[in-house]
Amino acid sequence: MRIRRILAAVIATAALAGLGLTGAATAGAASLTPGECQQGGGTVDWSNPTVAGTGTCRGGMYNGQMVD
């Protein structure tokens, strides 16, 4: 009985960890607003857009992320 509880706890922990990684990947892919870049301590670089109408956040917490 004790082994079943431990096994259930391990499976539940692994499932929750997997959901956390999926959420983190999705959150990292979203683009920022210019204000979010600046609040994170960075500046928006519009000089070399990867996609038309976008820029890159330089410096701070969001360094290298897309800004639109």
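For the structure, see preceding data.
Each value, and the rule that gives it
- Residues numbered from 1 in each chain as written.
- Predicted model: local features only at pLDDT ≥ 70, side-chain atom pairs only at ≥ 80, totals over all residues.
- Heavy atoms only, no water.
- Disulfide = S-S within 2.5 Å.
- Helix = DSSP H or I, 4+ residues; strand = E, 2+ residues; numbered from the N terminus.
- Buried < 20%, exposed > 50% of the residue type's maximum accessible area, 1.4 Å probe, protein only.
- Core = buried A, V, L, I, M, F, W, Y, C linked by side-chain atoms within 4.5 Å.
- Contact = heavy atoms within 4.5 Å.
- Salt bridge = Lys/Arg side-chain N within 4 Å of Asp/Glu carboxyl O.

What follows deals with the state of the cysteines. Put plainly, two cysteines are in a disulfide when a covalent bond ties their sulfur atoms together. Under the definition given, this model contains 1 disulfide. Paired by a disulfide, C37 and C57 hold their sulfur atoms 2.1 Å apart. Across the disulfide from C37 to C57, rotation about the S-S bond amounts to roughly 90°, and the bridge is consequently right-handed. Taken together, the positions of C37 in helix α2 (residues 34-39) and C57 in strand β2 (residues 55-58) put the pair 20 residues apart, joining distant regions of the chain. For the pair C37 and C57, a shared accessibility class is recorded, and that class is buried.

Counting residues in hydrophobic clusters, the biggest one holds 5 residues: L32, C37, V44, C57 and V67. Apart from residues no more than four positions distant in its own chain, C57 is found in contact with L32, C37, G42, T43, Y62, N63, G64, Q65 and V67.

Moving on, we get to the pattern of salt bridges. Evaluated as defined, the whole model comprises 1 salt bridge. When the shortest N-O distance is used, the salt bridge between D45 and R58 registers 3.4 Å. In this pair, D45 is assigned in strand β1 (residues 43-45) and R58 in strand β2, connecting sequence segments 13 residues apart. Under the relative-accessibility criterion, D45 is labelled partly exposed at 22%. A relative accessible area of 41% places R58 in the partly exposed class.

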